[in-house]
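The residues making up each chain are set out below.
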Amino acid sequence: MKIDHGRNNGHSGLFFLLMFLILAGVGTFIFLSLRVDTVEESLKNNSVIKTLFVLEDKDQVLFTDVFIYYPVSQRGALINILGNTGAIFQSLGRVDRIDAIYTEKGIDVYKSEIEKLIGQEIPFYVEMNLSKFGELTDMMGGLKVFVPSPVDVKTDEGERWLLPSGAVNLDGDKINTYLTYSKVEEDESEIIERRQNVMIAFLSALNRESNQLLEKNCFPLYAEKMNSNLSEKDLRRLFSEISNIDSERLVPQTITGSSRLVDGKMLLFPYYDGQLIKDVVKQATISLVSLDDVSINRIYVLEIQNGTTTQGLARNTAALLKSTGYDVLSTVNAERNDWEKTLIINHIGNAEIARNLGDFIHCTNIVDEEIKPDSDGSESNSNVDFTIILGKDFDGRYVKNTGGK
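## Some thoughts on the pattern of salt bridges
Item 1. Across all of its chains, the model carries 16 salt bridges by this definition.
Item 2. Where Arg 97 meets Asp 99, a salt bridge forms, and the shortest distance between an N and an O atom there is 2.7 Å.
Item 3. For Lys 392, the salt bridge identified is with Glu 340, shortest N-O distance 3.4 Å. Of the two residues, Lys 392 is situated in the segment after strand S19 (386-390) and Glu 340 in the loop between strand S16 (327-333) and strand S17 (343-346); the sequence distance between them amounts to 52 residues.
Item 4. Several salt bridges share partner residues, and in doing so they unite Arg 94, Asp 96, Glu 104 and Lys 265 into one network.

## Quick word on the sheet that holds strand S3 (residues 75-80)
Item 1. As summarised here, the arrangement of the six strands in space is S11-S6-S1-S2-S3-S12, forming an open sheet in which the pairing is mixed. The open sheet has two free edges, formed respectively by strand S11 (226-228) and strand S12 (252-254), since each of these has just one partner strand. The average angle at which neighbouring strand axes cross in this sheet is 25°, direction not considered.
Item 2. Pairing of strand S1 (residues 49-57) with strand S6 (residues 124-129) involves six bridges; the strand directions are parallel. Note on S6: the bridge partner recorded for Glu 56 is Asn 129.
Item 3. Seen against the sheet, helix H7 (residues 188-208) touches S1, strand S2 (60-70), S3, S6 and S12 and runs at an angle of roughly 50° to S2.
Item 4. Packed onto the sheet, helix H10 (residues 232-242) meets S1, S2, S6 and S11 and runs at close to 105° relative to S1.

## So, the side chain of Gln 305
Item 1. Within the secondary structure layout, Gln 305 lies in strand S15 (residues 301-306).
Item 2. Using a relative accessible area of 16% as the deciding quantity, one classes Gln 305 as buried.
Item 3. If near-sequence neighbours (up to four positions away) are discounted, Gln 305 is found in contact with Ala 314, Val 332, Ala 334, Thr 387, Ile 388, Ile 389 and Leu 390.

## Overview of the pairing of strand S4 (residues 86-89)
Item 1. The sheet contact formed by S4 and strand S5 (residues 94-97) spans four bridges and is antiparallel. Residue pairing for S5: Gly 86 is matched across the bridge by Arg 97.
Item 2. Counting the residues in the hairpin turn of S4 and S5 gives four residues, including Gly 93, whose phi is positive at 75°.

## Side note on helix H11 (residues 275-288)
Item 1. Between its first and last C-alpha, H11 extends 20 Å over 14 residues, near the 20 Å set by a 1.5 Å rise per residue.
Item 2. Where burial is concerned, most of H11 is hidden: ten out of the 14 residues are buried.
Item 3. Every buried residue of H11 is listed here: Leu 276, Ile 277, Asp 279, Val 280, Val 281, Gln 283, Ala 284, Thr 285, Ser 287 and Leu 288.

## Brief notes about the pairing of S19
Item 1. For S19, the tally of buried residues reaches five of five residues, placing the bulk of the element in the interior.
Item 2. What you see with S19 is no split at all: Phe 386, Ile 388 and Leu 390 on one side and Thr 387 and Ile 389 on the other are buried throughout.
Item 3. Where S17 lies against S19, four bridges are found, and the strand directions are antiparallel. Paired with Ile 344 across the bridge in S19 is Ile 388.

## A few points about the packing of helix H5 (residues 130-139) against helix H6 (residues 172-180)
Item 1. Where H5 contacts H6, the axes come no closer than 7 Å and their chain directions differ by 135°. Compared by their axis directions, H5 and H6 come out oblique. In this structure, H5 meets H6 at a crossing whose hand is right-handed. Of H6, the residues touching H5 (which contributes Leu 130, Ser 131, Phe 133, Gly 134, Thr 137 and Asp 138) are Gly 172, Ile 175, Asn 176, Leu 179 and Thr 180.

## A few points about the sheet that holds S15
Item 1. One open sheet accounts for five strands, arranged S16-S15-S19-S17-S18; its pairing is mixed. Strands with a single pairing partner mark the edges of an open sheet, and in this sheet they are S16 and strand S18 (366-368). Averaged over all adjacent pairs, the angle separating strand axes in this sheet is 20°, with direction ignored.
Item 2. In the packing of helix H12 (residues 313-322) onto the sheet, contacts are made with S15, S16 and S19, and the angle to S15 comes to roughly 155°.

## A word on the environment of Arg 315
Item 1. Inspection of the secondary structure assignment puts Arg 315 in helix H12.
Item 2. On a C-alpha basis, the gap between Arg 315 and Ile 304 in space is 8.1 Å, while along the polypeptide they are eleven residues apart.

## Here's the deal with the confidence of the model for the protein
Do not read the predicted coordinates in detail wherever pLDDT is low.
Item 1. For the protein, per-residue confidence averages 85 on the pLDDT scale, and 84% of positions sit at 70 or higher.
Item 2. Summarising per-element confidence for the protein, the mean pLDDT is lowest in helix H1 (residues 5-34) (56) and highest in helix H3 (residues 99-105) (97).
Item 3. Scored below 50 in pLDDT, residues 29-36 makes two contacts in the model with residues more than four places away or belonging to other chains.

Cut-offs used in this document
Residues numbered from 1 in each chain as written. Predicted model: local features only at pLDDT ≥ 70, side-chain atom pairs only at ≥ 80, totals over all residues. Heavy atoms only, no water. Salt bridge = Lys/Arg side-chain N within 4 Å of Asp/Glu carboxyl O. Helix = DSSP H or I, 4+ residues; strand = E, 2+ residues; numbered from the N terminus. Pairing = 2+ DSSP bridges. Axes fitted to C-alpha atoms, helices over the stretch in contact; angles between N-to-C directions. Contact = heavy atoms within 4.5 Å. Buried < 20%, exposed > 50% of the residue type's maximum accessible area, 1.4 Å probe, protein only. Expected span 1.5 Å × (residues − 1). Parallel < 35°, antiparallel > 145°, perpendicular 65-115°, else oblique. Left-handed = near helix turned anticlockwise from the far one by under 90°. pLDDT = per-residue confidence, 0-100.

Next up, the structure:
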């Protein structure tokens, strides 16, 4: 009896191929069935949502923001990551600007290094290209920003930048001009503020145009203008949450540090070996989930007095507290320079905010001003909310528990 081995081998090959396809199909079905909706996971237990927003032009970062949002209160915090933030970055193997990581390694490695910088995980990112951002701006009906004075600048290449002044609604082309123009007399802080205004305007437009943007058939047109580590479905779910943001109470916060020239580049090294930015992000998150609605309802004004012989202590402390969103009206010397214990004077009677301020610098020595009505009916003679008198127990960052009085 003659056996046709070729025919049997053909049947065996077909059988194994069929089995492979069945197993692959079952595996795919199980994967899709068990796949966690990452946005829904973040929303469990009323969690805050952290998203990295990056706007770039020709692989160069224009701005980077860590957006922290608490859906329950519709509050958000915007932490600006300056491009010239310096450190020894493991991904580069050298000291450099943090935005060099984006240019050389891409968005995923960039996000990872920012997570290390702020000391918290950022589950999601949204990456936007300048050209497509202009198109997105047009689709959203423009972005509303405030231009303090008219812009009329001509570049060396003959290009002319024109912007009107006042509270204006800019279309895509104008918003790109607003983001990229430069003037000789403009310093770096003004450019940073301008770009932060665009991010706030973008979040405000999300709120304003949410009905159209989140419409099931429309959203894919918006989504294709962005790059994200989320599926289109999950990105729509994310935007449906953050579009509820109360942008009127959104105050951007920026890393503060000391500038040093390294290999011909001026780098900004965050204070206290990077611990400050971690503390700022932690403090911002705590404020978002606070049950006291006034905790971030406005910016609180401080006066800082130096009660020691350490030169520049009040000024440096002002920079520290400005980075967390406080406004410092003045830095002065106290009436005497032998204060042992740092003191916070609460002029407005808000114990919650006073405690938050004290927590940030580890100060528990807090007293309330005795409020006596003035003849005009106002409650306090002070034009600030809190006065901080720095004592010998303050090391420039924290109050040390010395036991002094």
